[in-house]
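Observations on the model geometry
What follows is the residue order along each chain.
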Amino acid sequence: MSTETINHQINQGATIKKAKRFLKEYESWHLTILRLRPASQIRVLSPVEEKQLAKASFECQVRQKTLDVMRETDDVSSLLADLLRWRYLCHWTVPKICQQLADKYQLGYLSERTYMRYQNHAILNFAILCPIDLLIQKN
């Protein structure tokens, strides 16, 4: 099924909202890893802690691998993947991301308004590629 076909079948606003929330959750999962991984080197983790660490690792990897797949698709998708990685995984500011994207992809200048358009497009592409179901169907 093509991206255009999928875009006609989904509620884009609701899908963007759900995927954005999913991307924002990366920080919480990553902090769980940072908290538990050093403990695992000092002592044996409890079964609950082991389960938390495994879940957090899985959640982070899903987001990272989906962005990796986006990056490998084509130059435009690579730009969109960088945008999402820097915003949601690295927590860079919008002006910093605009500057980095402009420099890396030789755009000259990238306005924050254009960034916002790119971000919504990137989030939709992420939602389509993600193995976790983030798509909200139209009624």
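Everything that follows concerns the structure shown earlier in this document.
Here the residue numbering is sequential within each chain, running from 1 through the sequence in written order. The predicted nature of this model means local features are confined to residues of pLDDT at least 70 and side-chain atom pairs, given and counted, to a pLDDT of 80 or more, with totals for whole chains, interfaces and linings taken over all residues. With hydrogens and water set aside, each side-chain value is computed from the structure's full complement of heavy atoms.

1. Examining helix α4 (residues 47-73)
Compared with an ideal rise of 1.5 Å per residue, which puts 27 residues at 39 Å, α4 spans 39 Å between its outermost C-alpha atoms and is within 8% of the ideal. Categorising residues by exposure relies on relative accessible area from a 1.4 Å probe, with only protein chains included: less than 20% of the type maximum marks a residue as buried, more than 50% marks it as exposed, and the intermediate range marks it as partly exposed. Each helix is a run of DSSP H or I of at least 4 residues and each strand a run of E of at least 2, with the numbering of both proceeding from the N terminus. Of all the residues in α4, the buried ones are E49, L53, A56, S57, E59, C60, V62, R63, T66, L67 and M70. Residue contacts follow a heavy-atom distance rule, with two residues in contact if any of their heavy atoms lie within 4.5 Å. Summarising the contacts, the buried residues of α4 are in contact with α2 (12-24), α3 (26-42), α5 (75-89) and α7 (112-129). Between the first and last residue of a helix there are one fewer steps than residues, each counted as 1.5 Å, and that sum is the expected span.

2. Digging into the packing of aromatic side chains
Classification of ring pairs uses Phe, Tyr and Trp, with its six-membered ring standing for Trp, and accepts pairs whose centres are within 6.5 Å; under 30 degrees between planes counts as stacked, over 60 as edge-to-face, and the remaining range as tilted. Using the criterion set out here, one finds two aromatic pairs in the structure. Their ring planes at 45° and their centres at 6.1 Å tell us that F22 and F126 sit as a pair that is tilted. Of this pair, F22 sits in helix α2 while F126 sits in helix α7, placing them 104 residues apart in sequence. For F22, a relative accessible area of 7% translates into the label buried. Taking 4.9 Å as the distance between ring centres and 20° as the angle between the ring planes, the aromatic pair formed by W86 and W92 counts as stacked.

3. A look at unusual backbone geometry
One non-glycine residue, H91, adopts positive backbone phi at about 60°. Examined against the element boundaries, H91 turns out to sit in the loop between α5 and α6 (94-104). Unlike most non-glycine residues, Q106 shows phi in positive territory, near 50°. Turning to its location among the elements, Q106 is positioned in the loop between α6 and α7.

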